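This is what each chain is made of:
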Amino acid sequence: MKKLTDLKANQSGQVVSVNGDTRFVSRITSIGITPGCRLTVIKNEKRRPIIVWARDTMIALNSKECSNIEVEA
């Protein structure tokens, strides 16, 4: 398993787990990033938000928080 931050642009994966405090998990799952969700990384540059395509929506996520999202490539 990898962290979402490990995926490069144009790589896809399936969310395995979302970890963190209750506020983070609630916020991420409310926008559709849940276990089983397929996503594709659009952009992943250092010190910038990670842009992902998930559930027919483009989403910008804080790269520090993305280390709490585990994916399976």
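Our structure's up above, just so we're on the same page.
Residues numbered from 1 in each chain as written. Predicted model: local features only at pLDDT ≥ 70, side-chain atom pairs only at ≥ 80, totals over all residues. Heavy atoms only, no water.

1. Overview of the nonpolar core
- Counting 18 residues, the largest nonpolar core has Leu-4, Val-15, Ile-33 and Ile-69 as its most contacted members.
- Listing elements by their share of this core, those giving two or more residues are β2 (12-18), α1 (22-30), β3 (38-43), β4 (50-54), β5 (57-61) and β6 (69-72).
- For Ile-69, the residues in contact, after removing those within four places along its chain, are Lys-2, Lys-3, Leu-4, Val-15, Ser-17, Phe-24, Ile-28 and Ile-33. (Core = buried A, V, L, I, M, F, W, Y, C linked by side-chain atoms within 4.5 Å. Buried < 20%, exposed > 50% of the residue type's maximum accessible area, 1.4 Å probe, protein only. Helix = DSSP H or I, 4+ residues; strand = E, 2+ residues; numbered from the N terminus. Contact = heavy atoms within 4.5 Å.)

2. A closer look at the pattern of salt bridges
- In the structure shown here, the tally under the stated rule is one salt bridge.
- Arg-27 is the partner of Glu-65 in a salt bridge, and the nearest nitrogen-oxygen pair spans 2.7 Å. Linking Glu-65 in helix α2 (residues 63-66) with Arg-27 in helix α1, this pair joins segments that are 38 residues apart in sequence.
- A relative accessible area of 34% places Arg-27 in the partly exposed class. (Salt bridge = Lys/Arg side-chain N within 4 Å of Asp/Glu carboxyl O.)

3. A short note on the sheet that holds β5
- The strand order β1-β6-β2-β3-β4-β5 describes an open sheet built from six strands, whose pairing is antiparallel. The open sheet terminates on both sides in strands that have one partner only, identified here as β1 (2-3) and β5.
- When β2 meets β6, the two strands line up antiparallel, connected through four bridges. Paired with Val-18 across the two strands is Ile-69, which belongs to β6.
- Its contacts with the sheet put α1 on β2, β5 and β6, and the angle it makes with β2 is roughly 140°. (Pairing = 2+ DSSP bridges. Axes fitted to C-alpha atoms, helices over the stretch in contact; angles between N-to-C directions.)

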